[in-house]
Amino acid sequence: MATVNIAGKDVELDEEGFLTNLADWNRDVAEYMAKEEKVDMTESHWEVIDFLREYYDEYQIAPAIRVLTKAIGKKLGPDKGNNKYLYELFPYGPAKQACKIGGLPKPTGCI
Amino acid sequence: MAGPEFEVPTLTEYTDVPKIKPGAMAHVKSFVAPQGPQDFLGYPFKLGEDWKERAIDKMGDLLGKYRSLRVFMDACVHCGACTDKCHYFLGTADPNNMPVARQELMRKVYRRYFTLPGKIAPWLVGAADLTEDVLNQWYNYYHQCSECRRCSVYCPYGIDTAEVTMAGREILNHVGMGQKYSNEILVKVQKIGNNLGLPGPALEDTLLGLEEDMEADTGVPVKMPLDVAGAEILLVTPSADFFSEPHVDSLIGYAKVFHAAGASWTLSSKASEAGNFGLFSGNYETMRKVAMRIRDAALELGVKRIIVGECGHAWRVAYSFWNTLTGIGFDGKDPFSIELQQQLDPRYPQPMHICEYTWDLIQKGVLKFDKSLNDDRVITYHDSCNVSRGSRMGDEPGGQFEIPRNIIKAVANNFHDMAGETIREGTFCCGGGGGLLTDDLIEVRVKGALPRMNAYNNVVQKDKVNFLALICAICKAQFTKVLPYYGFDRGSVGGVHQLVSTAIKLD
């Protein structure tokens, strides 16, 4: 556990750097997390993060990889609707790294 | 999550026994479970003043309950046959990762408190007090064992190291040092129904999306039914199959097989997980609770058959333990055990592995394939530990080795096995089994994968292999993560039913 000050606000993170309180998320938090992860946030990253958050609001879980790639493919074209494109954006793995930056809980299990 | 810096081992033609490096992995400590999951599972979340008494009491309890554990504590003669059999020792060179030494961490404490010579003359018999240092060593090194049981194959006394590791972890749970990764999952599976925490509506949405994809790809309306009462078959599969790549391609493969066979089948949102992490700490009660969800779902849906998807440890629990956990072997008078026994179709093995099901249909000529569709793949097969050494498949001894290979050969033209001593009952663990598939143990996972990566590299070089097929969700996730460290493409791993999915003809 650690508390960090992000843009003037104290935010609590767990051992793995995920938010303890999901309500603490905002764009500054995302930028902070991305920097920690050595990810340069571009419009393309934000498109993924925004979709993750919308999906989470509805289903209380991050979208499955196929759900995500399909949504991205529909929006940005079939050449981007695949796992490879997501790994280019989030090299440690889209599921965990994008969830962290997007302020979602870490997905667990055999993934 | 960028992860710690460490040196990735170099691939070699043979996996040499390394020169030992004492303490090389002493710094690796998996995150300890916080209060939430520990409360839920009925464990403390920090060391209390009485931790030592609790630990010794629990050890005594386990020794009394499991005769095997006492035999394993007493029987070892330190012959050393196991020393170079562990992938974690071979990959890390830390002598505490020799199975004999890892067990000795517990055995020396056992001698001190549970044997007469150890009580009166500990210095004569290598007995040692349980101190906080020893406890911390247990935590570190019992989370550097994947309970794969390869060492047990070579032990002249048949000592099952996995059982010692399980006991170690269970004692640690009881003093407030549970592992975050496994224990959080054990909460999710009991609260939500699966290890991922995928709620019913999300599962339904995901399956609908997959049905659309399959129809778009094949032109055939292949279904993924959910919670269909009266279906003949209940499929229980690891929740990673719904969520991740390459797991989902196997799920699509199962659905296509069921479709081609004209089977009546269903998934269950209540039992949307085959995995049972209760196995990893050997806690019977937890394992039973997790297994019970599947019995409840089977009774509610009224199914006649239970089939288990591609998951290694789930198959061990299903094949070896379901009967005594939740079936007629649990309590012959239990009305629900009796009801389930009467409900299930006695003409089929219960449970049945998805590979048994598919292979049976292939032999009967029900499924048709265009093998050339897999011609871009040169395939090898990785035997997963819990399937290989903890269970069986089919009617013949060794069926768990032959059936998956037979399926691959029926759906693809290019297959090559890896070196004999690295497959079948001598298979090397992927490096991520037994509750170690977590980012905080990435160094252990990468180094522990070395023997498998060496064997894989040899067939890559010699036979131009480009696809590592297997039937375990943990292995799939582990290799997807670890292959790139050794210079391989993460896309070169996938399930046996992914290959089935590619080649199967549907109409």
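Because the structure is a prediction, the values reported are computed rather than measured.

Undergrad: Can you lay out the nonpolar core for me, pointing to particular residues and giving the numbers?
TA: Of all hydrophobic cores here, the largest spans 175 residues; its most connected members are B:Leu234, B:Val308, B:Ile379, B:Ile408, B:Ala469 and B:Leu499. Discounting residues that sit within four places of it in the chain, B:Leu234 has contacts with B:Thr266, B:Ser268, B:Ala297, B:Ala298, B:Leu301, B:Val303 and B:Ile306.

Undergrad: If you had to explain the packing of helix 3 (residues 67-75) of chain B against helix 9 (residues 161-175) of chain B to someone new, which residues and values would you point to?
TA: Residues and elements named next belong to chain B. Close contact between helix 3 and helix 9 brings their axes to 10 Å; oriented N to C, the two are set at 110 degrees. On the basis of the axis angle, helix 3 is roughly perpendicular to helix 9. For the pair helix 3 and helix 9, the contacting residues are Ser 68, Leu 69 and Phe 72 in the first and Glu 163, Val 164 and Ala 167 in the second. Among the residues making up the contact of helix 3 with helix 9, the classes are represented as 4 nonpolar, 1 polar and 1 charged.

Undergrad: Which residues make up the sheet that holds strand 7 (residues 493-495) of chain B, and what values go with them?
TA: All names here are of chain B. Taking strand neighbours across the sheet as the criterion, the 3 strands line up as 5-6-7 in an open arrangement whose pairing is parallel. The open sheet has two free edges, formed respectively by strand 5 (379-381) and strand 7, since each of these has just one partner strand. The sheet shows a mean angle of 35 degrees between the axes of neighbouring strands, taken without regard to direction. Across the sheet, helix 24 (residues 496-503) is in contact with strand 5, strand 6 (467-470) and strand 7; its angle to strand 7 comes to roughly 80 degrees.

Undergrad: Report on the interface of chain B and chain A, specifying residues and quantitative values.
TA: Each partner contributes residues to the interface: chain B has 32 residues there, and chain A has 24 residues. Broken down by element, the residue count for the side of chain B that touches chain A peaks at 7 residues, all from helix 11 (residues 200-218) of chain B. Partitioned by chemical class, the residues of the side of chain B that touches chain A number 19 nonpolar, 7 polar and 6 charged.

Undergrad: Please give an account of the domain arrangement of chain B that cites residues and values.
TA: Residue and element names in this part refer to chain B. Segmentation of chain B into domains returns domain 1 (35-178), domain 2 (196-355) and domain 3 (368-503). Look at where the C-alpha atoms of domain 1 and domain 2 centre, and you get two points 34 Å apart. Of the residues lining the interface, 8 residues belong to domain 1; the matching set on domain 2 comes to 5 residues. Of the residues forming the side of domain 1 that touches domain 2, the biggest block, 6 residues, is contributed by helix 9. Split into classes, the residues belonging to the side of domain 1 that touches domain 2 amount to 3 nonpolar, 1 polar and 4 charged.

Conventions used here
Residues numbered from 1 in each chain as written. Chains lettered and ligands numbered in written order. Predicted model: local features only at pLDDT ≥ 70, side-chain atom pairs only at ≥ 80, totals over all residues. Core = buried A, V, L, I, M, F, W, Y, C linked by C-beta atoms within 7 Å. Buried ≥ 20, exposed ≤ 12 C-beta atoms within 10 Å, placed from the backbone. Contact = placed C-beta atoms within 7 Å. Axes fitted to C-alpha atoms, helices over the stretch in contact; angles between N-to-C directions. Helix = DSSP H or I, 4+ residues; strand = E, 2+ residues; numbered from the N terminus. Parallel < 35°, antiparallel > 145°, perpendicular 65-115°, else oblique. Nonpolar A, V, L, I, M, F, W, Y, C, P; charged D, E, K, R; others polar. Pairing = 2+ DSSP bridges. Domains from an automatic or database assignment.

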